[in-house]
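In case you want the letters, here they are:
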Amino acid sequence: VACYSVLYLLLVYVLSFPLNVYEHFFREHQYGFATQSFPEWFREQLIALAVTLIGAVMFFIVLYAVFHRAPKTWWVWGTAVAVVFSFFLLFIAPVFIGPLFNTYKPLTKPEISVAILTMGRANQIPRKQVFEVDASRHTTRVSANVSGILGTTRIALNDNLLKQCTLSEIRAVMAHEMGHYVLNHGAKLLTYLSIFVLVGFALTRILFDAAVR
């Protein structure tokens, strides 16, 4: 299972690589958004591929073990595995995956961090610290994000946003990102995912059994 998973993901990566290079490297440079050289960009692509392969192997090994142990109800238990794995990814992403690509450090501008933390508390995001991320090493775009779940939730603003925008503009961008987090993250996201996966697995079971007959 692990070997087939790795081979499939590698095949998809190789086949989609030309479009990936054109879309995320050449076009980004043409519009003045990208700041990385090709070796730097390709190095991070390989890191992302390695993370994907490791995660996929772990996921499919557990998933196929469930398929083997519960041949009649695999679609129910498979959904549970997918939800647990998704929760695990949400939990570790800000702490272990994000730092593979960027450096996160506490924001040292209290006039900005206090305003952002006030917005966070008003939207049930009770964080005590705001982070600055060195996004300028990748792009000229301005952005921010709220990621993680439970104790790993992290509010981060990229350095382009801090350098190029006023406090009102920073608050506007952060309000947009917090809206995404509140509406589509945590328990809500996992609930939507569980319904989607359960329906998908159920249809797969029905159609596969029909095809076999």
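Look a little higher up for the structure.
To keep things clear, this report deals only with the structure shown in the data block.

Calculation criteria
Residues numbered from 1 in each chain as written. Predicted model: local features only at pLDDT ≥ 70, side-chain atom pairs only at ≥ 80, totals over all residues. Heavy atoms only, no water. Axes fitted to C-alpha atoms, helices over the stretch in contact; angles between N-to-C directions. Helix = DSSP H or I, 4+ residues; strand = E, 2+ residues; numbered from the N terminus. Parallel < 35°, antiparallel > 145°, perpendicular 65-115°, else oblique. Left-handed = near helix turned anticlockwise from the far one by under 90°. Contact = heavy atoms within 4.5 Å. 1 Å grid on protein atoms, 1.4 Å probe; cavity = no way out; pocket = protein on both sides within 12 Å on 5 of 7 lines; lining within 4 Å. Points joined across faces, edges and corners; volume = space filled by probe spheres on them. Nonpolar A, V, L, I, M, F, W, Y, C, P; charged D, E, K, R; others polar. Core = buried A, V, L, I, M, F, W, Y, C linked by side-chain atoms within 4.5 Å. Buried < 20%, exposed > 50% of the residue type's maximum accessible area, 1.4 Å probe, protein only. Pairing = 2+ DSSP bridges. Salt bridge = Lys/Arg side-chain N within 4 Å of Asp/Glu carboxyl O.

**Quick look at the packing of helix H2 (residues 38–69) against helix H3 (residues 74–97)**
Here is step 1: As a packed pair, H2 and H3 sit with axes 10 Å apart at the nearest point and diverge in direction by 155°. Judged by the inter-axis angle, H2 sits roughly antiparallel to H3. Handedness of the H2/H3 crossing: right-handed. Of the residues in H3, those touching H2 at Val51, Gly55, Phe59, Val62, Leu63, Val66 and Phe67 are Trp74, Trp77, Gly78, Val81, Ala82, Phe85 and Ile97.

**Quick notes on the layout of surface pockets**
Here is step 1: When its volume is computed, the largest pocket comes out at roughly 690 Å³.
Here is step 2: In terms of lining residues, the largest pocket is bounded by 27 residues, among which Glu44, Asn102, Ala135, His138 and Thr139 are the most central.
Here is step 3: Looking at the lining of the largest pocket, the element that brings in the most residues is helix H1 (residues 2–30), giving four residues.
Here is step 4: When grouped by side-chain class, the residues that make up the lining of the largest pocket number eleven nonpolar, twelve polar and four charged.

**What about the environment of Val62?**
Here is step 1: With respect to the helices, strands and loops of the structure, Val62 is situated in helix H2.
Here is step 2: Taking the C-alpha atoms as reference, Val62 lies 19 Å from Ala202; in sequence the two are 140 residues apart.

**Comments concerning the nonpolar core**
Here is step 1: In this structure, Ile116, Ile155, Leu157, Met174 and Met178 are the most contacted members of the largest nonpolar core, which totals 17 residues.
Here is step 2: Setting aside chain neighbours within four positions, we find Ile116 in contact with Val130, Ile155, Leu157, Ile170, Met174 and Met178.
Here is step 3: Core analysis: the second largest hydrophobic core is formed by nine residues, Val66, Ala82, Phe85 and Phe201 among them.

**Side note on the pairing of strand E4 (residues 154–158)**
Here is step 1: Across the five residues of E4, five count as buried, placing the element largely inside the fold.
Here is step 2: Alignment of strand E2 (residues 130–133) against E4, held across four bridges, turns out to be parallel. Residue pairing for E4: Glu132 is matched across the bridge by Leu157.
Here is step 3: Here strand E3 (residues 144–147) pairs with E4 via four bridges, running antiparallel. Each bridged residue has a counterpart across the sheet, and for Ser147 the counterpart in E4 is Arg154.

**Considering the pattern of salt bridges**
Here is step 1: Within this structure, the stated rule accounts for three salt bridges.
Here is step 2: The residue Arg141 makes a salt bridge to Glu28 at a minimum N-O spacing of 2.9 Å. Of this pair, Arg141 sits in the loop between E2 and E3 while Glu28 sits in helix H1, and the two are 113 residues apart along the sequence.
Here is step 3: Residue class for Arg141 comes out partly exposed when judged on its relative accessible area of 38%.
Here is step 4: By relative accessible area, Glu28 is classed as buried at 19%.
Here is step 5: In this structure, Asp134 engages Arg137 in a salt bridge whose closest nitrogen and oxygen atoms are separated by 4.0 Å.
Here is step 6: Among the residues examined, Asp134 registers a relative accessible area of 22% and is labelled partly exposed.

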